[in-house]
Amino acid sequence: MSYQIAIDGPAGAGKSTIARKVAKAKEFIYVDTGAMYRAMAYYLLCNHIDPEDTKAVEKSCMEADITICYEEGEQAVFLNGKNVNDVLRTEEVGNMASLTSKNPKVRLRLTSLQKALAEKNNVVMDGRDIGTCVLPEADVKIFLTASAGVRAKRRFDELSAKGQECDIQKIEEDIIKRDEQDMNRKIAPLKPAEDAVFIDSSYMSIDEVANEIMTLCEKSTSKIN
Ligand code: DC
């Protein structure tokens, strides 16, 4: 039986940074489910699919074969055989992922891949519906959040560091819009699992958040030693 740590929360809460750190410390794999939704969105964008055209999204998503492999501990996402990691972290792809992830066929394709990974490996998995839908029996469930202002600043710094031009005001508006879409969709909305531990990372360092999660893992009934 694998050990599962589920981290959910809104855009820019620091999920991936924290999840990667915890996974490294515990020698688990880190499963970034947002990257899978982004890869699907990237495929739909490349094919000029209107995100509101349900039929077109459903037809097109069946043509997108998304697979994951691990290269030196880092997740690589392959779309129809091609590594697409480098094109996924733009606001355009993130917004398209938020719009198209409400489609049940898109979710079904990706959640089965996520469940299969967690069956075979000890995982730290982050996303929006991990504790509620994908891994309802996870050993530790975290709902990681931070204020919209702090999250916008973090995203701004991340994009600026990559040399992408961006406007912090616009990023904050996009973040708020994206949270609303993710929280209000009918299927697997962003919400804390009933047994999730809330962590507000607004005024916490990465190490403080990671240590809190490690402590929770130690307290949970250990299936590994
Ligand atoms: O975490 P992220 O910004 O990479 O996610 C991009 C979008 O993908 C997010 O706005 C909603 C969707 N998503 C989802 O619906 N379910 C997940 N488990 C992960 C992401």
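Right, let's walk through the structure included here. Note that the structure is predicted; figures quoted are calculated from it, not measured. (Residues numbered from 1 in each chain as written. Predicted model: local features only at pLDDT ≥ 70, side-chain atom pairs only at ≥ 80, totals over all residues. Heavy atoms only, no water.)

1. Concerning the sheet that holds strand E1 (residues 4-8)
Stated formally: A pair of strands is considered paired only if DSSP assigns at least 2 bridges between the two. A run of H or I in DSSP counts as a helix once it spans at least four residues, and a run of E counts as a strand once it spans at least two, with each numbered from the N terminus. Throughout, an axis means a line fitted to C-alpha atoms (over the contacting stretch in the case of helices), and angles, computed between N-to-C directions, take values from 0 to 180 degrees. Working rule for contacts: check all heavy atoms of both residues, and any pair within 4.5 Å makes them a contact.
As summarised here, the arrangement of the 5 strands in space is E2-E6-E1-E7-E8, forming an open sheet in which the pairing is parallel. One side of each edge strand has no neighbouring strand; the edge strands of this open sheet are strand E2 (29-32) and strand E8 (197-200). Looking at each pair of strands side by side, their axes are set apart by 20° on average, direction ignored. Each of E1, E2, strand E6 (123-127) and strand E7 (140-145) is contacted by helix H1 (residues 15-26), which is oriented at about 175° to E6, the strand it contacts most. Against the sheet, helix H2 (residues 33-46) contacts E2 and E6, and its axis sits at roughly 40° relative to E2.

2. Some remarks on helix H4 (residues 91-100)
The test is simple: Buried residues are those whose accessible area, probed at 1.4 Å on protein chains only, stays under 20% of the maximum for their type, while exposed residues exceed 50% and partly exposed ones sit between those limits.
Among the 10 residues of H4, 7 are classified as buried, and the element is accordingly described as predominantly covered. Regarding H4, the residues found buried are Glu-91, Val-93, Gly-94, Met-96, Ala-97, Ser-98 and Thr-100. Elements that come into contact with the buried residues of H4 comprise H2, helix H3 (54-61), helix H5 (104-120), helix H7 (148-161) and helix H8 (168-184).

3. Some thoughts on the site of the ligand
The cut-off we apply is this: The cutoff for a nearby residue is simple: one of its non-hydrogen atoms must lie within 4 Å of the molecule or strand. Polar contact is defined as a pair of N or O atoms within 3.5 Å, subject to the rule that within protein one atom must be able to donate a hydrogen and the other to accept it, and that residues adjacent in sequence are counted only when both atoms are side-chain atoms. Only the protein chains shown count as covering a residue, and every accessible area follows the Shrake-Rupley method with a 1.4 Å probe. Basically, the charged four are Asp, Glu, Lys and Arg, the nonpolar ten are Ala, Val, Leu, Ile, Met, Phe, Trp, Tyr, Cys and Pro, and anything else, Gly included, counts as polar.
Taken together, 16 residues are adjacent to the ligand, and Arg-38, Arg-107, Asp-129, Asp-182 and Arg-185 come closest. In this structure, a nitrogen atom belonging to the ligand sits 3.0 Å away from a side-chain N or O atom of Thr-33. Ser-101 is positioned such that a nitrogen or oxygen atom in its side chain is 3.3 Å from an oxygen atom of the ligand. Here the ligand has 450 Å² of accessible area as a free molecule, and 97% of this is covered by the chains. Among the elements of the structure, H2, H4 and H8 are those that each provide at least two residues to the shell around the ligand. In terms of residue class, the shell around the ligand is made up of 3 nonpolar, 5 polar and 8 charged.

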